[in-house]
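Architecture and fold: a report
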Amino acid sequence: MSPKVSIQDLIDQLDQLEEEASTAIAATEDSESLEKVRIGYLGKKGRLSIVLGVMGTLPGNERPLVGQRANTLKKQLQGLLSERYKTLKQDALNELLEKETIDVTAQSSGVPIGNRHPLISTTEDIVDLFCGLGYRVAEGPEVELDQYNFTALNIPEDHPARDMQDTFYLDNHLLLRTHTSPVQIRYLEQNSPPVRIVAPGRVYRRDAVDATHSPVFHQVEVLAIDEGLDFSHLRGTVMAFLKSFFGDLPVRFRASYFPFTEPSAEVDVQWKGRWLEVMGCGMVDPAVLEGLGLDPEKWSGFAAGLGVERFCIARHGIDDIRRLYTSDLRFLEQF
Ligand code: DAH
């Protein structure tokens, strides 16, 4: 026979259960432990069920009293549980927000920001200025045929520029181009005049390295062919360009000689208290046009070859061209 329980015993047990459960719920620190408390008290095999299981031994008229008390307790505990659940959730969120706050005033870990190399920006500025005048960008190969680098440009077999001293020769009539002028020929073979192009690129010469020379350097070629172009167009274009690029830096035009232009000129700018040659230019020689099947009676034009390194050092007052190749960040960060 099961031990006799009185209604008072059961009510007392329910009161005690209420106290214990309330304390346990309030003491939980996360939702997992709260769930354990819920199962422990209200689950199928929980404390409340156990107490209610004993209810069957009470006389029929007493049962509803206990049943009522048990129901109230159940609702009360469910209320406490859901309150506690909300509180814990909010606490967890607050904690997360605090932990993940970004201090926008904190010192950065210092990822350096890169910028354009002065040779690149000089090339881009030159090209941009000519594009603003309606020129298009053209390109040619750095490994070039003898034919394009010399012959088509009216540079004869015995010209000193062809000397082994000046040119890096490869096999099979190939060489490393010594200037960007062969792009003139390549472009005119593919395009009929009128043409206006700028051709930036790398060129090679067997030069000894010093403050103003390097065996690898950069040029921008300029070419305009049209009907009725004369030396005043060349001079006007070059002067307008130099003024935009250098501002008020003193420049001078000097008569010169190139096999592919007639007349020819060179341009010097003031650099470190002396004149520095920065470009060659001239009216395209009729022999070059004829070689391309163009009638020199109809077409004329001008061309120029700009030394990018020299434009760069003159513009920035840099003392030595070699600084442009050494990748010294203390130097490069100034641009
Ligand atoms: N190609 C020449 C050189 O590298 C520079 C030059 C001179 C280019 C006169 C030209 C020109 O287009 O017309 O020395």
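About the criteria used
- Residues numbered from 1 in each chain as written.
- Predicted model: local features only at pLDDT ≥ 70, side-chain atom pairs only at ≥ 80, totals over all residues.
- Heavy atoms only, no water.
- Helix = DSSP H or I, 4+ residues; strand = E, 2+ residues; numbered from the N terminus.
- Rg over C-alpha atoms; globule rule 2.2 N^0.38 Å.
- Contact = heavy atoms within 4.5 Å.
- Areas by Shrake-Rupley, 256 points an atom, 1.4 Å probe, with all protein chains shown as cover.
- Lys, Arg positive; Asp, Glu negative; His and termini not counted.
- Charge placed at Lys NZ, Arg CZ, Asp CG, Glu CD.
- Near = heavy atom within 4 Å.
- Polar contact = N/O pair within 3.5 Å; in protein donor to acceptor, adjacent residues only side chain to side chain.
- Nonpolar A, V, L, I, M, F, W, Y, C, P; charged D, E, K, R; others polar.
- Domains from an automatic or database assignment.
- Buried < 20%, exposed > 50% of the residue type's maximum accessible area, 1.4 Å probe, protein only.
- Pairing = 2+ DSSP bridges.
- Salt bridge = Lys/Arg side-chain N within 4 Å of Asp/Glu carboxyl O.
- Phe/Tyr/Trp six-rings, centres within 6.5 Å; stacked < 30°, edge-to-face > 60°.
- Lys NZ or Arg CZ within 6 Å of the ring centre and 35° of its normal.

This brings us to the overall build of the chain. A tally of regular secondary structure across the chain gives 11 helices and 9 strands. At 45 Å, the chain has a C-alpha radius of gyration far larger than the 20 Å of a compact globule built from 335 residues. Judged by the C-alpha coordinates and their principal axes, the chain covers about 130 × 45 × 40 Å. Put simply, 66% of the contacts in the chain that link residues at least 6 apart link residues at least 24 apart. By element, 52% of the accessible surface of the chain is carried by carbon and sulfur atoms, the whole surface being about 19,300 Å². Once the 35 positive and 50 negative side-chain charges of the chain are each reduced to a mean point, those two points are 10 Å apart.

Now for the site of the ligand. The full set close to the ligand counts 15 residues, and H179, S181, R205, Q219 and E221 are the nearest of them. Within the side chain of R205, a nitrogen or oxygen atom sits 2.7 Å from an oxygen atom of the ligand. Within the backbone of A303, a nitrogen or oxygen atom sits 3.0 Å from an oxygen atom of the ligand. If you list the elements that add at least two residues to the shell around the ligand, you get β5 (216-227), β8 (274-284) and β9 (299-307). Taken together, the residues of the shell around the ligand break down into 5 nonpolar, 8 polar and 2 charged.

Turning our eyes to something else, we now look at the domain arrangement of the chain. By domain assignment, the chain separates into domain 1 (7-99) and domain 2 (118-332). Computed from C-alpha atoms alone, the centre-to-centre distance between domain 1 and domain 2 is 91 Å.

Across the 11 residues of β8, 8 count as buried, placing the element largely inside the fold. Where strand β7 (residues 261-271) meets β8, 9 bridges bridge the pair, whose relative direction is antiparallel. If you follow S264 over to β8, its bridge partner there is G282. Here β7 hands over to β8 after 2 residues, with K272 in that stretch at a positive phi of 50°. One ladder, built from 5 bridges, connects β8 with β9; its direction is antiparallel. Counted as the bridge partner of M283 is F302 from β9.

A few words now on the sheet that holds β7. The pairing of strands in a sheet happens through backbone hydrogen bonds and is either parallel or antiparallel. Pairing in this open sheet of 7 strands is mixed, and the strands run β1-β4-β5-β9-β8-β7-β6 from one edge to the other. Every interior strand has two partners, whereas the edge strands, β1 (136-137) and β6 (251-258), have only one. When β1 meets strand β4 (residues 195-204), the two strands line up parallel, connected through 2 bridges. Within β4, the residue paired with V137 across the bridge is V198.

Moving on, we get to the pattern of salt bridges. By the definition in use, this model includes 18 salt bridges. If you follow the salt bridges from partner to partner, you end up with R252, R254, E266 and D268 in one network.

Here we take up the packing of aromatic side chains. All told, the structure shown has 9 aromatic pairs when counted by the stated rule. With a centroid separation of 5.8 Å and 55° between ring planes, the pair formed by F241 and F311 is classed as tilted. Here F241 is found in helix α8 (residues 231-246), whereas its partner F311 is found in helix α10 (residues 308-316), with 70 residues between them in sequence. Since its relative accessible area comes to 2%, F241 is described here as buried. Ring centres 5.3 Å apart and planes at 85° place the aromatic pair F245 and F311 in the edge-to-face group. Of this pair, F245 sits in helix α8 while F311 is found in helix α10, placing the two residues 66 residues apart along the sequence. By relative accessible area, which is 4% here, F245 ends up buried. Among the aromatic side chains, those forming a connected cluster through ring pairs are F130, Y135, F241, F245, F246 and F311. Looking at R186, its charged tip hangs above the ring of Y148, at a distance of 4.1 Å from the centre.

Residue placement: E144 occurs in strand β2 (residues 143-145). Owing to a relative accessible area of 1%, E144 belongs among the buried residues under this scheme. Polar contacts involving the side chain of E144 include one to the side chain of R186, which spans 2.6 Å. If we ignore the near neighbours within four places in the chain, the residues touching E144 are N149, H173, L174, L175, R177, P182 and R186.

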